[in-house]
Amino acid sequence: MDELLSLKTAFLEEIDPVTTLAELQQIKNKYSGRKGLLTARLKALSSVPPDQRPLYGKTLNEIKDFIEETLGHKELLLKGREKEKRLLTEKIDITLPGRYTRFGRKHPINQVLSEIKDIFVSMGFGIEDGPEIELDYYNFEALNIPKDHPARDMQDTFYISDDVVLRTHTSPVQVRVMEKRKPPLKIIVPGKVYRCDADVSHTPMFHQVEGLMIDSDISFGDLKGVIELFFHSFFGKGTPVRFRPSYFPFTEPSAEVDIGCIFCAGKGCRICKTTGWLEVLGCGMVHPRVFEMAGYDPEEHSGFAFGMGVERLTMLKYSIDDIRLFYENDLRFLEQF
Amino acid sequence: MRVPIEWLKDFVDVSASPEEVADRLTMAGLEIEGMEPFDNDVVLEVNVTPNRPDCLSILGIAREVAAAFGLPLKMPETEISGNPPVSDIRVEILNPELCNRYTGRTITGVSVGDSPEWIKKRLEKCGIRALNNNVVDITNYVLLELGHPLHAFDADRLQGGMIQVRKAGPDRTITTLDGLERELPEDALLIWDERNPVAVAGVMGGEDSSVTHETADIFLESAYFEPASVRRTSKELGLRSESSYRFERGTDIEFLVNALNRATLLMRETGGGTIHEIVDVYPERYVPAKVSVRYSRVNTLLGTALKKEEMLRILGRIGLRTEDREELFDVYPPAYRRDIHQAIDVIEEVARLHNFGNIPVRIPRTALSDGILNRRDISVNTIRDAMRKAGLTEVINYSFMNPADLDLLGLPEDDVRRRRVSVRNPLKQEDSLMRTTLIPSLINNFVYNLSRGMRDIRLFELARVFIDTGAHLPTEEMRLSGIFFRQDIPSIWKDAVPAFFMAKGALKSLFEETRVTELSYIPAEEVFLHGGKSADIMTGDKRLGFVGELGPGIVETLNLKLQKPEIVVFELNADMLMSLIPARMTYTQIPRYPSIERDIAVIMDDGIPSARVMADIRGYRYDFIAKVELFDHYKGKNIPEGKKSLAFRITYRCNDRTLTDSEVETVHQHLVEHVLLKTGGELRT
Ligand SMILES: [Zn+2]
């Protein structure tokens, strides 16, 4: 019995300093291998006197279980340590930059245009398109702006010939659509427009989105509803929106729409010229004359139209103070969006 | 229009602060664009829309202030009492269709000199310089105050003691007040004495008959000229004045005598003299238009529930006479509100004075539209996104082109891109053509960014070009164009790709994203591209566009100070591209049997295009070939001069069973022989 206990003690002394799996294998062979000390003891069990045999056998089995369990634990431990060591040698500098494909950027004007389109499409508006080089008829006459009308001064026009112009607004598309289709109509027309003007706040080409809604019972109240909804989506709920009378030859009543200044929360600042308001859109009820020109009966139909400058909205959205930046196409500007 | 508050108070007793007045006017449609302190006063800068010429005066603004605050309007004193002597100047109107009323009067013995301080001060506040000439100052003063332009002649310079109103006719010139001799359009309406023109009606007076310090007798004119005629003349002469500005928008034909009298009284007050009897030629008296409006129409159009009485009361506030007729009401607009001539004009006034803010907000109840996002919008979005993900940043350029650009590209005379549209009145010569190609704009963008230190310049633009086809309107087509340049960019993970293949790769992602297939690349013949490094992109026998490196000639012209820069451009017909996008995409079954891969590397003549070898492999008769990929292209060490090595990986698969190794081996050996035969090459080992 004592001999068995000293075997256990000797095993413990031997296994304690082991640090490698190879050393461990040696001890494993020495004790529990086919020719190991434990195996030898088991084989010799028959030579133990019969009265001592049960106790001896029980103790031997306990020691065997203990040794095997201890060997198992040690093996797991050593395997774990070796793995750790290997991983350490494979270590990389995880702070090095990743290899990536740099995406390009969408021009800020087109980003805002997309946003505007999405809002109106979600309200059920369709998108229409028309020529940028347009007949004077569609750009002016059909919109109740005859030749010699002072309102032509409001828009400095580029001429191609006497009766062909670079469209000064996207409204001519509305007329073209009205000529082709019958109400109800709910459309927006995004696109490039041209005016011969260039300074900090004007470029000879810019983008507009015009909208048109015509049905049998559309009122100024509906116009207010749609425009308010749009600005609440675009600038955030709770943005104050106000309508004040203005003049456009193709709408009546006409209105300019202001939103509460987003820079000073309406308190008054340099950008809103201390008024607390920013002019953002022109709109009104479609003029009966425009309906007549398009072949609609103004007694049967009513509707509204609106138009906004995309550059203006983009400048407000990103606090851009010079419109010319949009067309310089400086990558240091474009890559910010 | 500048409006001093102190002057305004002559006509309306408003006690509200200037800010409050400004706010009320703005909300009534007369936007206050600025407020300027001036001595102890405040001057309002009012933006008057073209439909409201009645507001181009202090009195007109006062009328709106009175309506906004519910205050009475005080009219100026314009009665001339006594029995003045008869005027010795006769007036004759020969073109009554252009001048329906002409009034005037002689004032004799006036002394011309400095105006009193208060007149000078008020003129100054309104931005008009006093002229050391009380007669001219007063015509300006009354123009600002009452909105009606007047003109004063030196009566002694009017030959024959008569005034005629008639058109210029051929070959007529006049020297205007500003000292310039002007040729007059035949249709221009003029004021004549017995022999010569003495003024361009409503635009500017003549120098000869102007009032100077030597003038003793004056003839003061107050007339009504047709807006369109004044506008045409002033435009043709390139001559704008405070007078023409008002005449072309419309003046008050009834009130012009008050203006004449107001000025007469002020002249006597400041310069003495004897007032003569008025001459008034008025061929056809003004009859107020009658405008009938249905009450219900007002409310349905505005979305309001205004009562009859409310509407009539609102309109009364701005001096509109109304008559109730059950379902309807009639409105008789005064002569200063000629902008009101149909029902909608009256409805607008109701809305304006009721205040837009008081109209309740409603969400329209209307049918859905059938348009929504159409296929074209979706395609455009896909194209933009694909380019962006391929690393290109979007630019937007003006649609203009420099005539020199066509020569920079060296386009031949018969090139379609020479069929350009010109702008008649460009801002500058460089912007005088409409673009027929986007390439010059992109080159400009590249040069701009390069000169600012950028070395990774990858840009694209999606925009229209304009081709003159001889039709009334030019053809507008969408182009998708881009430019590629990357040089000297230090990078930790090396991947040097020639610019041409960067661009071609970007296009590959575009075509994959849009599902456009069956495209081929053939050598391009663009004069501005490098002959050996450019390709036309074909769909069948139609040319979708081109991609290629800018040729040495054009690069030299750009003077870039770079060593052999590789600048690659492309331009596609975006309309054609969109037409190639399949409307519908269908699912193909995932392969059920495994595939086996084999590689083949062949050394062949350098001149053989890889696409041809690829086609040879693809076209080989065994339908076991599921996929062919070119994975290596090598020239240099171990490869003879004039040769190259191409390596392909071929994936074999059968759709209805598992291929065996030996089966694939046999097929592959046949294929290798086929390729060697076709290319005349040898295996690379
Ligand atoms: Zn502000």
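Being a predicted model, the structure only gives us computed values, none of them experimental.

**As for the domain arrangement of chain A**
Inference 1: Domain boundaries in chain A define domain 1 (2–89) and domain 2 (108–334).
Inference 2: A separation of 89 Å is found between the C-alpha centroids of domain 1 of chain A and domain 2 of chain A.

**Considering the sheet that holds strand 28 (residues 596–605) of chain B**
Residue and element names in this part refer to chain B.
Inference 1: Read across the sheet, four strands follow the order 29-30-28-31 without closing on themselves; strand pairing throughout is antiparallel. Each end of this open sheet is capped by a strand with a single partner; those strands are strand 29 (625–634) and strand 31 (682–683).
Inference 2: Pairing analysis gives two bridges linking strand 28 to strand 31, with the strands arranged antiparallel. Across the sheet, Ile603 pairs through a bridge with Glu682, a residue of strand 31.
Inference 3: With respect to the sheet, helix 18 (residues 610–618) is in contact with strand 28, strand 29 and strand 30 (643–652), its orientation differing from that of strand 30 by roughly 30°.
Inference 4: Strands strand 28, strand 29, strand 30 and strand 31 of the sheet are contacted by helix 19 (residues 661–679), whose axis makes an angle of about 15° with strand 28.

**Some remarks on a negative patch on the surface**
Inference 1: A grouping of Asp171(B), Glu181(B), Glu183(B) and Glu186(B) is seen on the molecular surface, where their side chains present a negatively charged patch.
Inference 2: Tracing the sequence through the fold places Glu181(B) in strand 9 (residues 181–184).

**With respect to the coordination of the zinc ion**
Residue and element names in this part refer to chain A.
Inference 1: Coordination sphere of the zinc ion, protein contribution only: Cys261 (SG), Cys264 (SG), Cys269 (SG) and Cys272 (SG), at 2.2 to 2.3 Å.
Inference 2: Every donor residue of the zinc ion comes from the same chain, spaced as C-x2-C-x4-C-x2-C. Taken together, the positions of Cys261 in the loop between strand 8 (251–260) and strand 9 (277–286) and Cys272 in the loop between strand 8 and strand 9 put the pair eleven residues apart, joining distant regions of the chain.
Inference 3: Using a relative accessible area of 2% as the deciding quantity, one classes Cys261 as buried.
Inference 4: According to the relative accessible area criterion, Cys272 is buried, its value standing at 3%.

**A look at the pattern of salt bridges**
It is possible for side chains of opposite charge to pair when their charged atoms get near one another.
Residues and elements named next belong to chain A.
Inference 1: Applying the stated criterion across every chain yields a total of 78 salt bridges over all chains.
Inference 2: Lys28 is the partner of Glu75 in a salt bridge, and the nearest nitrogen-oxygen pair spans 3.7 Å. Here the residue Glu75 occupies a position in helix 4 (residues 53–89), and Lys28 occupies one in helix 2 (residues 21–32), the gap between them amounting to 47 residues.
Inference 3: Between Arg242 and Asp258 there is a salt bridge whose closest N-O contact spans 2.8 Å. Residue Arg242 is located in strand 7 (residues 241–248), and its partner Asp258 is located in strand 8; the two are separated by 16 residues in the primary sequence.

**Looking at the sheet that holds strand 18 (residues 328–332) of chain B**
Residue and element names in this part refer to chain B.
Inference 1: The sheet built from three strands is open, its strands ordered 16-18-17 with antiparallel pairing. Across the chains shown, the open sheet's two edge strands, defined by having one partner strand only, are strand 16 (291–294) and strand 17 (321–325). Averaged over neighbouring strand pairs, the angle between their axes works out to 25° when direction is ignored.
Inference 2: When strand 17 meets strand 18, the two strands line up antiparallel, connected through five bridges. Each bridged residue has a counterpart across the sheet, and for Asp324 the counterpart in strand 18 is Phe329.
Inference 3: Here helix 9 (residues 295–302) sits on the sheet and contacts strand 16, strand 17 and strand 18; the angle it forms with strand 16, its principal contact strand, is near 65°.

Analysis parameters
- Residues numbered from 1 in each chain as written.
- Chains lettered and ligands numbered in written order.
- Predicted model: local features only at pLDDT ≥ 70, side-chain atom pairs only at ≥ 80, totals over all residues.
- Heavy atoms only, no water.
- Domains from an automatic or database assignment.
- Pairing = 2+ DSSP bridges.
- Helix = DSSP H or I, 4+ residues; strand = E, 2+ residues; numbered from the N terminus.
- Contact = heavy atoms within 4.5 Å.
- Axes fitted to C-alpha atoms, helices over the stretch in contact; angles between N-to-C directions.
- Patch = residues over 30% accessible without salt bridge, like charges linked within 9 Å, V, L, I, M, F, W, Y side chains within 5 Å.
- Areas by Shrake-Rupley, 256 points an atom, 1.4 Å probe, with all protein chains shown as cover.
- Salt bridge = Lys/Arg side-chain N within 4 Å of Asp/Glu carboxyl O.
- Lys, Arg positive; Asp, Glu negative; His and termini not counted.
- Charge placed at Lys NZ, Arg CZ, Asp CG, Glu CD.
- Donors = N, O, S within 2.8 Å, 3.2 Å for Na, K, Ca; no water.
- Buried < 20%, exposed > 50% of the residue type's maximum accessible area, 1.4 Å probe, protein only.

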